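What follows is each chain in one-letter form.
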Amino acid sequence: MSMHLTRIVCLAMALLASGAPGECRTILDMDGRSVTLPDKISRIVTIGPVPVLNGFLFAFGRQQAIANGLPRELARKYQFVFAPELSTRPVVQSSAGLAVEDLVALRPDLVLSMDRSATDKLSALGLPAVLLKWREPDDVKTLMGLLGDILDERKIAEDYIRYFDATLARIGATLGPVDDAKRPRVLYVNYRRLTQPHKIAEWWIARAGGRSVTDDQRTEESVTFSLEQMIAWNPDVLIVPDRAEVELVKAEPRLRDVSAVRSGRVHVAPGGAHLWANRTIEQPLTVLWAASILYPEKFAHAALESEMRSFYDRFFHVSLSKEQIDEILAGSAGR
Amino acid sequence: MVVTTALEIVDLCFRRGAKRDLTLDSVSLALRAGELLVLLGPNGAGKSTLVHCLLGLATPERGQVRAQGAELRSLSHRDIARRIAYVPQSGYSAFAFTVEQLVLMGRTAHIDGIGSPSLRDREIARRAMSDIGVDHLRAEPFTQLSGGERQLALIARAVAQDAPIIIMDEPTSSLDLGNQGRVLALMKTLAAGGKAVIMTTHLPDQAFNLDARVALLRGGRLIAEGRARDVCDRESMSRLYGAPLLRLEDAEARGVVAFVPELF
Amino acid sequence: MRYWRVPPGVDIDARALMVGLVVVLGAMIVVSLAIGRYPLSLMTIAETLLGRHDPSQAGATAETIIFMVRLPRIATAIMVGAGLSIAGSAYQTVFRNPMASPSLLGVSAGAGFGASLALLFHLPTLGVEAAAFAGGLAAVGAAYLAARSVRSNSLITLILCGMVMSALFQALISLVKYVADPVDTLATITFWLMGSLAKANAMDAATVAAPVLLGGALLFALRWRIGLLALGEQEAASLGADVTRLRTIVILCATAMTAATVCVAGIVGWVGLLIPHIARMAFGMEPGRAFVATAALGALFVLGVDDVARSASAIEIPLGVMTAVIGAPFFLFLVMRTKGEQWS
């Protein structure tokens, strides 16, 4: 019933938009659901992890098509650097939930979401809501492929997928065979809550040649532990989400004997379109960055910078200055 | 022997909240050491209210209560407790104190500051328990005693409190005849020992049995006072309870008279 | 419940009991020092405690673990357990209700609100703890004022006002969560409320120890008079107790102690409800014995539960969750054993 409704809405909107009967097509989203979309997609709404979804759209050059703004708590400076018009767009999402009426008023041709219940709710209202999923590391490639189909930019999708595989292969080759015992022990931690919040970190730490101390093939997204456990793991490298946490870690007297603190290897995760340590289209850069802090002798800083310049140029069509590169690498200030 | 007025109630008036009628209306009574007074009246006559006023738990609208010459209004709870001991009806308790602990609580008014009972206090409590005859129950939880045993324990507590005036609120209400007898006998002994004892009840025969002074309370007013045989006749009792009563007398009853409702 | 009661006729000397419980607690502390995610041999622990300084890196870390991680956490757990149990026992006596818990008048909800608000404004840890303490006292104070404005001195009114305040502050907590950003602050608030000793340091131990020891000392000194309150207002007054003042002191102490535990450990339930019952059942109602038994059993319980929470696996289980998971079924078990009859 909702599928027919979507069709009717789609046709009606196409009619209103172009004055002539428009085409509609059906695609399967990453949950296997059929979604009917208009041929021409000129207004896109991203809900949920807005910066992450926006990042994908930046790669497809669809900055102008994004119809919604960034919720206050998710806003990052570089989102507006890559898409200045975002600052003028209305925000349809807050911590209270979705402002559904505002969303419908935007008349989107496509709604991207990573949450099943939100997608269901919007589909029931007749909106063209597509569910994207990213659980396994390789899902990002499937995701980009699907977006490529939807936006009729298959070439860009394939380009990204090639780039993703090639970069990871290159990093792997430069690393060479790494003895498990010689891998640096890495802990990605939100120190204020003593949690490792994202399972994806286990993957990019491993691909960068490190060993994540929290990696135990768990299925849960995050894991919480005690201070004593942190000391027991004795990581060689600590990665934290913002600079304020670096200060907290360094100021904690009980951590001063931990290997990472003693050798000063406490790093802030960089942040571009999104925090690099979490799921983001910039993930290949995450792996390269991690490799460069774990094996600085094999991965020069200059090479990281030039790779960043080339990535943002190629996929976001933005030329970054030296200051901007440093700013991205410096991560956010935190509270 | 010096006869002293232990308790004096002068023109006591009590009003509950903003009600129009007084719950107690100009009640005046006096009690001497060694005297036993039975307060007789129907339900709602104001007996409990009077008891609360005598204990300093309720503030009267007018009038005075003097315990051993001191006005209740000017005394702290502690000072009142040193003069007047209270034996409530043995009700439900949520916590299972042992009899010994309960009786020991009677010594509160004699313990200074924030301290705990001394060895002497414990001795006094033990003696009270053995005097009343509940010493063998001292380690038993109060909640597991029978109604009669509970009442006796509460009396032991009042004895331990060592106050010259004892007020008992319907002490025999849930007791069988055997226990009733025990409690009444105890009251006679206490009075004989020099204490001033007031007991509220709605059974006139107890006044006769105790050969005590009687005060009739109805509608908040003291309508009569005197010896039981003088004050309690069939007419006055029927009037008191607002119902026809039969008077039971027996030559071998040694002067004890009972009243029962007359049914049709 | 005859099963755990001391056989009649055997009069346990209060002093012997205290010594016994202290010994058990001491043994538990030793065991707790030996447990943890960081591997330490008993030899190392003993040597570190004796002050034999091992100059190597391992020695320095062992010192850090023993003196700066485990010992403070153990001390905090003991204070939290003792504090909550004593507060719960005091509340149950004052309100003459064996079902009363320390959160009856809203102190937990108030402290939770204070902490949530502080976390919303990104205050440092000290600020969060201060706000939690203030919030707890404010909630109970509000309940008191509300009861006074109704111009009633009765306990029922106070309890009702306490329930209202508890509900009000719970709603305020929800409001704070609503406004907080879901990415970071909301998770921090939720985690804080669940209760955890994961980062307990010496400062935390001191923060909770001060009110618990001071309040506990006062309640212990007054233990005998507080017992009178269990008889009810009128009976206690007729025995000569200053009911109003006693009640105020007891509620103030119990509230301060509970607020302090919420400050460092979040909202930990069931301890204040359960432990006083077990103490009463096993050791009787004599005030001195009951107090020591309650405090010691509470300390043992929370210490034991926290030992499990921090060493069972790499994942840290929130303390409040564990006390509920263990406490609720155990409470049901007690109800079944006593067949719902007389409590203690």
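What you see is a predicted model; the values in this text were computed from it and never measured.

In helix packing, the relevant descriptors are the interaxial angle and the interaxial distance, both defined with respect to the helix axes. Residues and elements named next belong to chain A. Packing of helix α8 (residues 200-207) against helix α12 (residues 283-294) leaves a shortest axis separation of 8 Å and a crossing angle of 55 degrees. With respect to their mutual orientation, α8 and α12 come out oblique. Classified by chirality, the crossing of α12 by α8 is right-handed. Along the contact surface, α8 presents Trp204, Ile205 and Arg207, while α12 presents Gln283, Thr286, Val287 and Ala290. Considered class by class, the residues forming the contact of α8 with α12 number 4 nonpolar, 2 polar and 1 charged.

All right, on to the environment of Asp233 of chain B then. Positionally, Asp233 of chain B belongs in the loop between α8 (228-231) and α9 (234-241). In sequence terms Asp233 of chain B and Glu71 of chain B are 162 residues apart; their C-alpha atoms lie 35 Å from each other.

Moving on, we come to the interface of chain A and chain C. Each partner contributes residues to the interface: chain A has 20 residues there, and chain C has 26 residues. Of all the elements in the fold, those that place two or more residues in the side of chain A that touches chain C are β11 (223-224) and α9 (227-233) of chain A. Take the side of chain A that touches chain C: its biggest share by element is 5 residues, from α9 of chain A. Considering only residue class, the side of chain A that touches chain C consists of 9 nonpolar, 4 polar and 7 charged.

Accessible area lost when the parts come together is the quantity often used to give the size of an interface. Residues and elements named next belong to chain A. Examined at the domain level, chain A breaks down into domain 1 (3-132) and domain 2 (167-330). Here the C-alpha centroids of domain 1 and domain 2 sit 32 Å apart. Across the contact, 12 residues belong to domain 1 and 13 residues belong to domain 2. Secondary-structure elements contributing two or more residues to the side of domain 1 that touches domain 2 are α2 (50-59) and α3 (77-82). Examining the composition of the side of domain 1 that touches domain 2, we find that 7 residues originate from one element, α2, more than from any other. Broken down by class, the residue content of the side of domain 1 that touches domain 2 amounts to 7 nonpolar, 4 polar and 1 charged.

Contact analysis covers 2 pairs of chains in contact, and the most contacts occur between chains A and C. Regarding chain A and chain B, which are not in contact, the minimum distance between any of their C-alpha atoms is 41 Å.

Moving on to the nonpolar core. Formed by 286 residues in total, the largest nonpolar core has its most connected members in Ile84 and Ala156 of chain B. Among the elements that take part in this core, helix α3 (residues 57-94) of chain C stands out by supplying 16 residues, more than any other. For this core, the domains that each give at least three residues are domain 1 (3-132) and domain 2 (167-330) of chain A. Ignoring any residue separated from it by four or fewer positions in sequence, one finds Ile84 of chain B in contact with Leu54, Leu55, Ala67, Ala163, Ile165 and Ile167 of chain B.

Right, let's get into the sheet that holds strand β7 (residues 165-169) of chain B. Residue and element names in this part refer to chain B. Spatially, β6-β7-β8-β3-β9-β10 is the arrangement adopted by the 6 strands of the open sheet, whose pairing is mixed. Each edge of the open sheet carries a strand with a single partner, namely β6 (84-87) and β10 (221-227). Neighbouring strand axes in the sheet, compared pairwise and without regard to direction, differ in orientation by 20 degrees on average. As paired strands, strand β3 (residues 36-40) and strand β8 (residues 196-201) are joined by 5 bridges and run parallel to one another. Across the sheet, Leu37 pairs through a bridge with Ile198, a residue of β8. Contacts from helix α5 (residues 147-161) reach β6 and β7 within the one sheet, and its direction differs from that of β6 by about 170 degrees.

Within the chain, Asn234 of chain A stands out as a residue other than glycine whose phi angle is a positive 50 degrees. Counting through the fold element by element, Asn234 of chain A comes out in the loop between α9 and β12 (237-240). The phi dihedral of Asp211 of chain B is positive, around 50 degrees, even though this residue is not glycine. With respect to the helices and strands, the residue Asp211 of chain B is situated in the loop between α7 (204-210) and β9 (213-218).

Conventions we followed
- Residues numbered from 1 in each chain as written.
- Chains lettered and ligands numbered in written order.
- Predicted model: local features only at pLDDT ≥ 70, side-chain atom pairs only at ≥ 80, totals over all residues.
- Axes fitted to C-alpha atoms, helices over the stretch in contact; angles between N-to-C directions.
- Helix = DSSP H or I, 4+ residues; strand = E, 2+ residues; numbered from the N terminus.
- Parallel < 35°, antiparallel > 145°, perpendicular 65-115°, else oblique.
- Left-handed = near helix turned anticlockwise from the far one by under 90°.
- Contact = placed C-beta atoms within 7 Å.
- Nonpolar A, V, L, I, M, F, W, Y, C, P; charged D, E, K, R; others polar.
- Domains from an automatic or database assignment.
- Core = buried A, V, L, I, M, F, W, Y, C linked by C-beta atoms within 7 Å.
- Buried ≥ 20, exposed ≤ 12 C-beta atoms within 10 Å, placed from the backbone.
- Pairing = 2+ DSSP bridges.

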